[in-house]
Amino acid sequence: EILEGYGGLWRGGRVEGSLRSHMRTQHGEDEAPLQCVEIPTPQEYRFNYPLCHMPGSIVCPVAGCGYLPKSRSVLHRHFANRHPYDSLRIVEEGFLRRCELCGKAVSTYAESRHRGSALCRETARRKNQRELIASMAPAREVKFHVGDAELEAVPRFKYLGRILAQSDSDWPALYKNVAKARQKWARLSRLLRAEGVSPKTAVWFYTAVVVSVLLFGSESWVWSQAMVQTMEGFHNRVVRRLSRRMPGRPNNSKWG
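We now turn to the structure provided with this report. Quick caveat: nothing in here was measured; it's all calculated off a predicted structure. (Residues numbered from 1 in each chain as written. Predicted model: local features only at pLDDT ≥ 70, side-chain atom pairs only at ≥ 80, totals over all residues. Heavy atoms only, no water.)

### With respect to helix H5 (residues 171-195)
Selection criterion: Secondary structure elements follow DSSP: runs of H or I no shorter than four residues count as helices, runs of E no shorter than two count as strands, and numbering proceeds from the N terminus. Expected span of a helix: the number of residues minus one, times 1.5 Å. The cut-offs for exposure are 20% and 50% of the maximum accessible area for each residue type, with area from a 1.4 Å probe on protein chains only; residues under the lower value are buried, those over the upper are exposed, and the others partly exposed.
If you check H5, its first and last C-alpha atoms are 36 Å apart, about what 25 residues at 1.5 Å a residue would give, namely 36 Å. Of all the residues in H5, the buried ones are Trp-171, Pro-172, Ala-173, Leu-174, Tyr-175, Asn-177, Val-178, Ala-181, Trp-185, Leu-188, Ser-189 and Leu-192. Taken from the residues just after H5, Gly-196 is the one with a positive phi, measuring 70°.

### As for the pairing of strand S2 (residues 87-90)
Operational definition: Only when DSSP finds a minimum of two bridges between them are two strands counted as paired.
Here S2 shows a buried face lined by Leu-88 and Ile-90 and an unburied face lined by Ser-87 and Arg-89. The pairing of strand S1 (residues 44-47) with S2 spans four bridges and is classified as parallel. Along S2, the bridge assignment pairs Glu-44 with Ser-87.

### Let's talk about the nonpolar core
Test applied: In plain words, nonpolar cores are sets of buried Ala, Val, Leu, Ile, Met, Phe, Trp, Tyr and Cys residues tied together by side-chain atoms within 4.5 Å. Contacts were defined at the residue level, with two residues in contact if any of their heavy atoms lie within 4.5 Å.
Within the largest apolar cluster, 22 residues are counted, with the highest numbers of intra-cluster contacts made by Leu-174, Trp-185, Tyr-206, Val-210, Leu-214 and Phe-234. When residues of this core are traced back to their parent elements, those giving at least two are H5, helix H6 (199-214) and helix H7 (225-243). Broken down by element, the residue count for this core peaks at nine residues, all from H5. Not counting residues within four places of it along the chain, the set of residues in contact with Val-210 comprises Ala-181, Lys-184, Trp-185, Leu-188, Phe-205 and Phe-234. Among the nonpolar cores identified, the runner-up in size contains 10 residues, and Phe-47, Tyr-49, Val-62 and Leu-88 belong to it.

### Brief notes about the packing of aromatic side chains
Our working definition: Each aromatic pair joins two rings of Phe, Tyr and Trp (for Trp, the six-membered one) with centres within 6.5 Å, and gets the label stacked for planes under 30 degrees apart, edge-to-face for over 60, and tilted for any other angle.
Counted according to the given criterion, the structure contains four aromatic pairs. A centroid spacing of 6.0 Å and a plane angle of 70° characterise the contact between Tyr-45 and Phe-79, whose relative ring orientation is edge-to-face. In this pair, Tyr-45 is assigned in strand S1 and Phe-79 in helix H2 (residues 72-82), connecting sequence segments 34 residues apart. Comparing Tyr-45 with Phe-79, the two get one shared label, buried. Relative to Tyr-175, the ring of Trp-171 has its centre 5.4 Å away and its plane inclined at 35°; by these criteria the two rings are tilted. Remark: Tyr-175 and Trp-171 occur in helix H5; sequence separation between them is four residues, near one turn of the helix.

### Some details on helix H4 (residues 118-136)
Since the α-helix packs 3.6 residues into each turn, any two residues three or four apart lie on the same face. Taking 1.5 Å of rise per residue, the 19 residues of H4 would be expected to cover 27 Å, and the 27 Å separating its terminal C-alpha atoms lies within 8% of that figure. If you check which residues of H4 are buried, you get Cys-120, Thr-123, Ala-124, Gln-129, Arg-130 and Ile-133. Contacts from the buried residues of H4 go to H2 and helix H3 (111-115).

Structure, rendered in structure tokens:
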């Protein structure tokens, strides 16, 4: 599964922009983002982070990152998520041990409290995901032959209208469905607006025409929270255009 929709073993944020732009510039992938399994060379950074400083004057020491941390703890969390293979030592703090679960540098007195936090669990989940992807990287080097002819390995292909990815991720299919549904809704909304259709009738058309395109093949997807949020974002924009107001989320956590 792609990490939060854009993850995988990206070079820890060393390339400016999103993973989508990284895959386009470094690997020639111009469609939905794939997982990048390129593991960078670990580096160690010694950094001065005074408590009194001008806002915006402290920048992540990794070249090309440009992240502006608000505190030392936030900078350590940034390194654990974006530069997991690099180590950071802030001179004013001295030596800090890295958490065995998530890899974030924490002080000795706060280590036990950190292990039980939601931040540690989420960062550990991402760390385990990176390690799992790295363990599968050698499989990408395996070549298959039919006689003397080598079979071409493709990152994705379309089968019965659905995008199947080499990484066994459902994100490429989701991105393709969202793009098709957006085009379908753009054409349909212009027609409904020209005919002066009421919002209630427009919802019927949206449910019958656009939602069927949006959810095509989703029965076999492995849904993550990020994928659900992407779908909710699309529905939210449509509802806002139909009702001309922001949709509310009631107590049952469903948009209405």
